[in-house]
Amino acid sequence: MRLLHTMLRVGDLERSLRFYTEVLGMKLLRRKDYPGGAYTLAFVGYGDETDTTVLELTHNWDTSAYEIGTGFGHLAIGVDDVYATCAAITAKGGRVVREPGPKQHGTTVLAFVEDPDGYKVELIQTSSRTDAH
């Protein structure tokens, strides 16, 4: 068994696709409209669905916004350099909501950004880089 995808409901599909592809660097893997159900599914990710877990963005045509709720936490993405990644995200108009730095009560270097619908995305530094920023 393996995890295939995580699904997020989004209010504006084009806005979300721009964020995940242009700001976070994912690729649009596939997209399909379902007129009978009045929704569109778009799958984005860093690799092919046969090999990696991807993100499903669901846009219900009659819904422009969702409440995040208290049960959802965040998505997590591993990056080589959290500081450089946050700088690039900011330069592309993304919103960093927790600046890069060590985890509270730990040493893992991380940051949080927020997508256009308010979902949090954690960026975790995967390299052993230890130089100060």
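Cut-offs and rules
Residues numbered from 1 in each chain as written. Predicted model: local features only at pLDDT ≥ 70, side-chain atom pairs only at ≥ 80, totals over all residues. Heavy atoms only, no water. Helix = DSSP H or I, 4+ residues; strand = E, 2+ residues; numbered from the N terminus. Rg over C-alpha atoms; globule rule 2.2 N^0.38 Å. Buried < 20%, exposed > 50% of the residue type's maximum accessible area, 1.4 Å probe, protein only. Contact = heavy atoms within 4.5 Å. Areas by Shrake-Rupley, 256 points an atom, 1.4 Å probe, with all protein chains shown as cover. Lys, Arg positive; Asp, Glu negative; His and termini not counted. Charge placed at Lys NZ, Arg CZ, Asp CG, Glu CD. Pairing = 2+ DSSP bridges. Axes fitted to C-alpha atoms, helices over the stretch in contact; angles between N-to-C directions.

**Here we look at the overall build of the protein chain**
Item 1. Counting its secondary structure elements, the protein chain contains two helices and eight strands.
Item 2. What you see in the protein chain, going N to C, is helices and strands ordered as β-α-β-β-β-β-α-β-β-β.
Item 3. For 133 residues, the compact-globule formula gives about 14 Å, and the C-alpha radius of gyration of the protein chain, at 16 Å, lands near that figure.
Item 4. The buried share of the protein chain, reckoned over its 133 residues, is 37%.
Item 5. In the protein chain, the proportion of contacts linking residues at least 24 apart, taken out of those at least 6 apart, comes to 52%.
Item 6. Looking at the protein chain as shown, the accessible area adds up to about 8000 Å², and 52% of this sits on carbon and sulfur atoms.
Item 7. Each charge class in the protein chain can be summarised by its mean position, and for the 14 positive and 18 negative side chains these summaries are 1 Å apart.

**Notes on the sheet that holds strand 3 (residues 39-45)**
Item 1. Across the sheet, which stays open at both edges, the four strands sit in the order 1-4-3-2 with mixed pairing between neighbours. Single-partner strands in this sheet number two, and they are strand 1 (5-9) and strand 2 (27-34). When strand polarity is set aside, the average angle formed by the axes of neighbouring strands in this sheet is 20 degrees.
Item 2. Relative to strand 3, strand 2 runs antiparallel, the two being bridged by seven bridges. What sits directly across from Leu 28, in strand 3, is Val 44.

**Describing helix 1 (residues 13-23)**
Item 1. Turning to helix 1, its buried residues are Leu 13, Ser 16, Leu 17, Phe 19, Tyr 20 and Val 23.
Item 2. Where helix 1 ends, the next residue or the one after it, Gly 25, has phi of about 80 degrees, a positive value.

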